[in-house]
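Reading the structure
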Amino acid sequence: MLAKVEYGGVQKYIKIPHIDEIFDFQKFLQEVLDKFSLQAQLVADGVLGLTDTSETEVDGDTFDELVKSGVKNFKVGYRQYPVTDISVEESDPCVMLVPSPASLADPPPSPASTPDSAAQSPASSISSDSTIILPPTKHRKTARKDLDRDEARQRVETALSSNPKGEEIFKEYKKTKTLSVVTRKQMVNILVAEMVETHGRVPPMHVRASYALGIVTLFPYLQDPYSKHGYEHYYDPEANTGYLAWRLKTVQRNTHDGFRECSRPDYQDSPKTQRECLLTGDQLLGEECREALSIMRHSTDISVVGEKMRATFDYRQKLVHDQDATASVLDVFPRFLDIPGLIEQDFCMMFGDHVSGRFLARWSSDFKHRVITECQSLPSSPYVDELLAASDLEVENDYGWDSDMSALLLLLHLLPPTSKGQKKAPKMSSAQATNHVVRFIKEGASLSTFLEKVDGRQPFLLGIGEQRKKITRFFIVVDQKALPCKALTSVAAFDVLFKTHYVFSLSYDDALSAFYTFIQTTIYNIDVGTTKETPRVKELRAKLLQDH
C-alpha cells in the first residue's frame, strides 16, 4: 500500500511496510526519512514529527488503525512552538528562526540583500509568520526532562486526589513505602480511566509513558532500579507492556473489537544464547578434540577430566546449541553423570567467577529475609504458612524443607505461574509448580525407578535424605538423568540448578519463567535490559531492592 507524504511543499509516494497484517509505523517513518534525506536524530529529538492532513500528530499506537481506516496522506514537519510563549535573546545560539510553511515556496533573502536587517531589534525581526525551532541541547534537555517529570507527577497526583479511593492509596504508600497488589490495581484503574477520558480510547505513547513516569515520581519507592527509566513495569514504550498497557487493552477490548498491538522488540532467551568463553585457554579441534573425548571417557583422574572439559568447551557449546544434537550431549560428555562440579566449571567459563558467585553471595544477605517479609502479607494458605514456618530458624520444623529452600519456594509464590494467554490450559498453582523446582525421595529409595517416571527435559533439583530439611545428597535431574552435585546445602544446590539451564542451553520451564527471570536479572545480573521481564518481576524487584 502506498501513502502520499508531504515535506517542505514536496509530495512523494512511499510504500507502507507491514508485518503480520500490521502496518509498521517505525519502518514507515524510516522510509520517509530516507526518501526525503532527513536525519533520524531530528525525529528522536522531537524536532520533526509526522501528522495527518489535519495537523494531528500520528504515532505508533494510532498508525495501524489510521491506515486501515483509509488515511493515506501524511505530512512531515517541524514541531512548532508559539513565539509568544518563548523569550528569545538575540545572543542565544540555541534558537533558530524558521519561516512558516506558507513562505517555504520562496527562499528567504540573504543577509547581503537586506542591509537594514542589522538595525532591526530582535523583537522586530520575528514575524508573526515565523516559527521558533529549539534544537535540543544538553541544558535544554535536562530542563525539559525535569519539567516533564513535574508535570507527570502533578497529573497522577491530581487524578488520584480527585478519586475517593485515592486517599487510601496515599495512606498505604506513606505507611508501607509500597502498594499491595489490590491497591496497585485500584491505582492503575483510576489512572487509565482518567487517561481514556482525557486522551481517548487510544492514548498516544508519550501520554502513557508520562503517567508511568508520574507514578514512580510521586511514589519513588515503586521505581525499578534495573529498568532504563524505572517505570517500565507500569508502561514499557518499546514493548507496549506493563500494568497501564494491560489495563488499556482490557478497556479497548470492551469498547472496540479488532484492536491491534504495535510491533514488539526482539528479546533474547538468555539460557539459549550462545556465548563465547570468557576465560582464556586453548580450545581443541578436530582429531585433538576426539582424542580428548576418549581420554575423558576412560580417565579416573578428576583433574585430567576437568582440564579436558575446559579444552572442549567450544565444541560442547556448539553441540548444545545444535537442535539435532543437543539431546546427545550427555552421551558425548558422560562425565557430567559421575563427576560433580563440571556444571559450575562451564558456567564460570561463560560468565567468569564474579557472576558465578553472585547468587551465593547475595541470596542470604540481601534477598532471603526480604522475600520472607514480603510473603508475610500474602493471603494465608496451608502451604504458604508451612513455608513461612520452615523459613524461620527459631521455629522447630520436623517435616518441611530447610530455611533456605523454604525461602526460595516462597519467592515462587511471589512470582506465581501464569497461563500465558492459553485459556484452555489449566493454571498451575505455586504449590504445584514446586515440583518443577525441587523434589524429594527418601534415602534407600530406588533412584532409577524414580527417573523412569520423569517426563520432559526441564531440569529440577532432587534431594535425597531422611527428611526434607536434612538432605544428604543433591542431584540435578535433566533428560531423565541424574547429575550429582558437589553442593552440601540446598541454596548451593539451587545455584547449580539455575546454571544448568545455561550450560545445556535449556529454556526455563514455562511455569517458572518469571521466577527464574527474576533470579537471572536481579541476583545474577545476567542480560539485564535484553531479557523480557513481566511487570510483576519488575514490581517485585522495585519492592525488594529499595532501602525502606
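Preceding this paragraph is the structure being described.
The present account deals with the structure reproduced in this document.

Procedures and definitions
Per chain, the residues get numbers from 1 upward, laid out in the order the sequence is written. Per-residue local features are limited, in this predicted model, to residues with pLDDT of at least 70; the limit for side-chain atom pairs, both in listing and counting, is 80 or more; totals at the level of whole chains, interfaces and linings are taken over all residues. The side-chain quantities take in all heavy atoms of the structure and omit both hydrogens and water. Elements are defined by DSSP. Helices are runs of H or I of four residues or more, strands are runs of E of two residues or more, and each kind is numbered from the N terminus. Pairs of residues are marked as contacts when any of their non-hydrogen atoms sit within 4.5 Å. The method behind every accessible area is Shrake-Rupley, applied with a 1.4 Å probe, and residues are considered shielded solely by the protein chains displayed. When DSSP finds two or more bridges between a pair of strands, those strands are recorded as paired. Orientation is described by axes fitted as lines to C-alpha atoms, over the contacting stretch for helices, and by angles from 0 to 180 degrees between their N-to-C directions. The pairing test for Phe, Tyr and Trp rings, Trp by its six-membered ring, is centres within 6.5 Å, and the orientation test on the planes gives stacked under 30 degrees, edge-to-face over 60, and tilted for anything in between. Classification of residues uses two cut-offs on accessible area relative to the type maximum, computed with a 1.4 Å probe and protein chains only: under 20% is buried, over 50% is exposed, and between them is partly exposed. Geometrically, a charge over a ring is one whose NZ (Lys) or CZ (Arg) sits within 6 Å of the ring centre while staying within 35 degrees of the ring normal. Throughout, the arc means the angular range of directions from the helix axis out to the C-beta atoms. Note on terminology: angles under 35 degrees are roughly parallel, angles over 145 are roughly antiparallel, angles of 65 to 115 are roughly perpendicular, and the others are oblique. Here is the rule for handedness: rotate from the far helix to the near one, and if that takes an anticlockwise turn smaller than a right angle the crossing is left-handed, while a clockwise turn gives right-handed.

1. Here we look at the overall build of the chain
From N to C terminus, the chain includes 22 helices and twelve strands. Counting only contacts in the chain whose residues sit at least 6 apart along the sequence, the fraction spanning at least 24 positions is 63%. Surface summary for the chain: the accessible area is close to 28800 Å², and the carbon and sulfur share equals 51%.

2. Details of the sheet that holds strand β1 (residues 2-7)
Judged by pairing direction, the sheet is mixed, and its four strands sit side by side in the order β2-β1-β6-β5 without closing on themselves. The sheet is open, and its two borders are formed by β2 (10-15) and β5 (48-52), each paired with just one other strand. Taking the axes of each pair of neighbouring strands and ignoring which way they run, one obtains an average angle of 30 degrees across the sheet. Inspection of the sheet shows β5 paired to strand β6 (residues 73-78) by five bridges, in the antiparallel sense. Residue pairing for β6: Gly49 is matched across the bridge by Gly77. In the packing of helix α1 (residues 25-35) onto the sheet, the strands contacted are β1, β2, β5 and β6, and the crossing angle to β2 comes to about 135 degrees.

3. A few points about the packing of aromatic side chains
Taken as a whole, this structure holds 30 aromatic pairs when the rule is applied. On the numbers, 5.0 Å between centres and 65 degrees between planes, the contact of Phe336 with Phe504 is edge-to-face. Of this pair, Phe336 sits in the loop between α12 (329-332) and α13 (342-351) while Phe504 sits in the loop between α20 (490-503) and α21 (513-523), and the two are 168 residues apart along the sequence. The pair formed by Phe336 and Phe504 is uniform in burial state, with each residue classed as buried. When the ring of Tyr508 is compared with that of Tyr516, the centres are 5.1 Å apart and the planes differ by 25 degrees; the resulting orientation is stacked. For the residue pair Tyr508 and Tyr516, the accessibility class agrees, reading buried in each case. Through a chain of ring-to-ring contacts, three or more aromatic side chains come together here, namely Phe347, Phe351, Phe359, Trp363, Phe494, Phe498, Tyr502, Tyr508, Phe515, Tyr516 and Tyr524. Over the ring of Tyr243 we find Arg184; its NZ or CZ atom is 3.6 Å from the centre of that ring.

4. Re helix α11 (residues 313-320)
For α11, the set of buried residues is Phe313, Arg316, Gln317, Leu319 and Val320. Viewed end-on, α11 has its buried residues packed into an arc of 160 degrees, placing them on one side of the element. Summarising the contacts, the buried residues of α11 are in contact with α10 (302-311), α12, α13 and α20.

5. Remarks on the packing of helix α15 (residues 358-375) against helix α17 (residues 403-414)
One can describe the packing of α15 onto α17 by two numbers: an axis separation of 9 Å at closest approach and a directional angle of 60 degrees. Of the possible angle classes, the one that applies to α15 and α17 is oblique. α17 is crossed by α15, and the crossing has left-handed handedness. When α15 is examined against α17, the residues Phe359, Trp363, Ser364, Lys368, Val371, Ile372, Glu374 and Cys375 are found in contact with a partner set consisting of Ser403, Asp404, Ala407, Leu408, Leu410, Leu411 and Leu414.

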